[in-house]
Amino acid sequence: MRRFLLLTVFMFCSVAYVNEVLAMEITRAVMLSNSCAACHGTDGRSPGAIPSINGKSTQFLVQALHDFQDGKRPATVMGRHATGYSDEEIQLIADFFSSRP
Ligand code: HEC
């Protein structure tokens, strides 16, 4: 009986965990931010020369991306990359990376 109870609890926890992971994967912010990972690293933590963007303030990220779009901020690739996003998408992306440790 005790073994059955433990198994039941384990199964509920597993389902809850899988749901949490799935919920995180399907948010629009996560999907949009995935396009940045190739250069800025997982969750914006860069392993190389490209700057890390995790934990930066939302305000900084929004401003930087708009400045890249407008050509006010010097860039090799970001000028072109940033033009693909709407203001709403930039806000979602900025909120996502500012929340990453
Ligand atoms: C192809 C590689 C590449 C991709 C993809 C990319 N970046 Fe960048 N990012 C760079 C490089 C390189 C720089 C340095 C500026 C430059 O040369 O364009 C940079 C700079 C930045 C900066 C300024 C950081 C600082 O501290 O000055 C921000 C913010 C930024 N990127 C955000 C993003 C976001 C958000 C995405 C996804 C929507 C993204 N980048 C996708 C390569 C990339």
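Residues numbered from 1 in each chain as written. Predicted model: local features only at pLDDT ≥ 70, side-chain atom pairs only at ≥ 80, totals over all residues.

Undergrad: Help me understand the nonpolar core, please; the structure alone is not making it clear to me.
TA: Membership of the largest hydrophobic core is limited to eleven residues, which are Ile53, Leu61, Ala64, Leu65, Phe68, Ala82, Ile90, Ile93, Ala94, Phe96 and Phe97. Of the residues forming this core, the biggest block, five residues, is contributed by helix α5 (residues 87–98). When near neighbours in sequence (up to four residues on either side) are disregarded, Ile93 contacts Ala29, Leu32, Ser33 and Tyr85. (Core = buried A, V, L, I, M, F, W, Y, C linked by C-beta atoms within 7 Å. Buried ≥ 20, exposed ≤ 12 C-beta atoms within 10 Å, placed from the backbone. Helix = DSSP H or I, 4+ residues; strand = E, 2+ residues; numbered from the N terminus. Contact = placed C-beta atoms within 7 Å.)

Undergrad: How do you make sense of the site of the ligand when you look at a structure like this?
TA: The full set close to the ligand counts 16 residues, and Cys36, Cys39, Ala75, Thr76 and Met78 are the nearest of them. For the shell around the ligand, the secondary structure elements donating two or more residues are α2 (28–40), α3 (58–70) and α4 (78–82). Classifying every residue of the shell around the ligand by side-chain character gives twelve nonpolar, four polar and no charged. (Near = placed C-beta within 6 Å. Nonpolar A, V, L, I, M, F, W, Y, C, P; charged D, E, K, R; others polar.)

Undergrad: Whenever I open this one, the confidence of the model for the protein confuses me. Can you help?
TA: Detailed reading of predicted coordinates is not advised where the pLDDT is low. Per-chain confidence: the protein averages 85 in pLDDT, with 74% of residues scoring 70 or above. The secondary-structure element of the protein with the lowest mean pLDDT is helix α1 (residues 2–26), recorded at 54, while α3 shows the highest, at 98. (pLDDT = per-residue confidence, 0-100.)

Undergrad: I keep staring at unusual backbone geometry and nothing clicks. Help me out?
TA: It is generally the case that most residues other than glycine have a negative phi and that most peptide bonds are trans. You will see that Asp43, though not glycine, has its phi angle at about 60°, which is positive. Within the element layout of this structure, Asp43 appears in the loop between α2 and α3.

Undergrad: What is the right way to look at the environment of Phe97 in this model?
TA: If you trace the backbone, Phe97 turns up in helix α5. What makes Phe97 buried here is the crowd of 23 C-beta atoms within 10 Å. Taking C-alpha positions, Phe97 is 8.3 Å from Leu61, a pair spaced 36 residues apart along the chain. With near-sequence residues (within four places) excluded, Phe97 lies in contact with Ser33, Gly44, Ile53, Asn54, Lys56 and Leu61.

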